[in-house]
Amino acid sequence: MSEVRIAYLILAHKNPKAINEMIDALDYPSVDFYLHIDKKSNIIGDINKKTNVYFTSNRIDAKWGHISLVESMLELLKNVRESKREYDYVWFISGQDYPIKSNEFIQNFFVQNFGYNFIEIIPKEDERYRRYLKRNQTWYPTWGASPKFIMRVLRKIYNYMTGGMTRSLFKRKNILGVDWFFGSQWFAITYETMTYVLDEVDSKPYLKYFKNCICPDESFFQTIIGNSQYADKIKDYLTYVDWSEGKKNPKILSLEDYEQLKSSDKLIARKFNEVNDKIAELAK
């Protein structure tokens, strides 16, 4: 195999300049770009039009912690399937990502690891797992999915009333009959795995159940893949993220992070508001 066909699936809502720069950096003869631009955003006209850049016609009003994020991701996957173009991998990235390896390095990486899915699966013994498990086992009203301060307070009260942060007093019936898995929404999977995921969504009530979960985008796809025949073909995800500040969002990366980015074994990094020229050199 000389080249790997990659469909980059981009979720974005702001900063078209950064999106254009990211696409330029990742552009390669065997890759295409599919973009879902949040329905609330007006940036679509500022994104450079290329022959290998495609936009979803159905734009969803994506909200933090809400099923609409999963729906946005599924919209991208359906667009890839409906295109009838042949790909080896589909790779979810955000509009605030930037590669920290060259396209040649990325190509060689996928050739050397062909057939694996690169998706984070948080181990069940990890201290985070029980907290995340509550997101799925407890029924949450859809209006509770919001990063606003008042909603965070109300969620804490609701969590307390339903057993605390790691325990569910009133467990929902697991109508899917699956084990729950969790991890980052930024992942790369094979086209074959993508087809399996879409078939599962079409045939089983995944969307119905996850509609009343908090942050379903960090469990929906992990759960489907983790319960499938592809579970033994998983390696860690490919995105460098710095959570060292202990905030609800990852650190905004800058020139001060250059050495960490340079030495990282990841292929792409987030979040950037802008990319310094020195960091941009890492992708060349």
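Rules used in this analysis
Residues numbered from 1 in each chain as written. Predicted model: local features only at pLDDT ≥ 70, side-chain atom pairs only at ≥ 80, totals over all residues. Heavy atoms only, no water. Helix = DSSP H or I, 4+ residues; strand = E, 2+ residues; numbered from the N terminus. Rg over C-alpha atoms; globule rule 2.2 N^0.38 Å. Buried < 20%, exposed > 50% of the residue type's maximum accessible area, 1.4 Å probe, protein only. Contact = heavy atoms within 4.5 Å. Areas by Shrake-Rupley, 256 points an atom, 1.4 Å probe, with all protein chains shown as cover. Lys, Arg positive; Asp, Glu negative; His and termini not counted. Charge placed at Lys NZ, Arg CZ, Asp CG, Glu CD. Pairing = 2+ DSSP bridges. Salt bridge = Lys/Arg side-chain N within 4 Å of Asp/Glu carboxyl O.

**Student:** Help me out: how do you make sense of the overall build of the chain in this one?
**Tutor:** Along its length, the chain carries ten helices and ten strands. For 284 residues, the compact-globule formula gives about 19 Å, and the C-alpha radius of gyration of the chain, at 19 Å, lands near that figure. Going through the 284 residues of the chain one by one, you find that 56% of them count as buried. Sequence-distant contacts, at least 24 apart, represent 74% of the contacts inside the chain between residues at least 6 apart. Taken as a whole, the chain presents about 13,800 Å² of accessible surface, with 50% of it coming from carbon and sulfur. Of the side chains in the chain, 42 bear a positive and 37 a negative charge, and the two mean positions are spaced by 9 Å.

**Student:** Where do I start with the sheet that holds strand 5 (residues 98–99) in this structure?
**Tutor:** Backbone hydrogen bonds are what pair the strands of a sheet, in a parallel or an antiparallel way. Pairing within the open sheet is mixed, and its three strands lie in the order 5-10-9. Since the sheet does not close on itself, it has two edges, and those belong to strand 5 and strand 9 (239–240), each with one partner. Here two bridges tie strand 5 to strand 10 (residues 268–269), and the two strands are oriented antiparallel to one another. Across the sheet, the residue bridging to Pro99 is Ile268, located in strand 10.

**Student:** Where do I start with the pattern of salt bridges in this structure?
**Tutor:** Pairs can form between side chains of opposite charge once their charged atoms are near each other. Inspection of every chain in the model, using the stated rule, returns 15 salt bridges. The shortest N-O distance in the salt bridge between Asp24 and Lys50 comes to 2.6 Å. Taken as a pair, Asp24 in helix 1 (residues 16–26) and Lys50 in the loop between strand 2 (31–37) and strand 3 (53–55) lie far apart in primary sequence, 26 residues in all. Given a relative accessible area of 42%, Asp24 falls into the partly exposed group.

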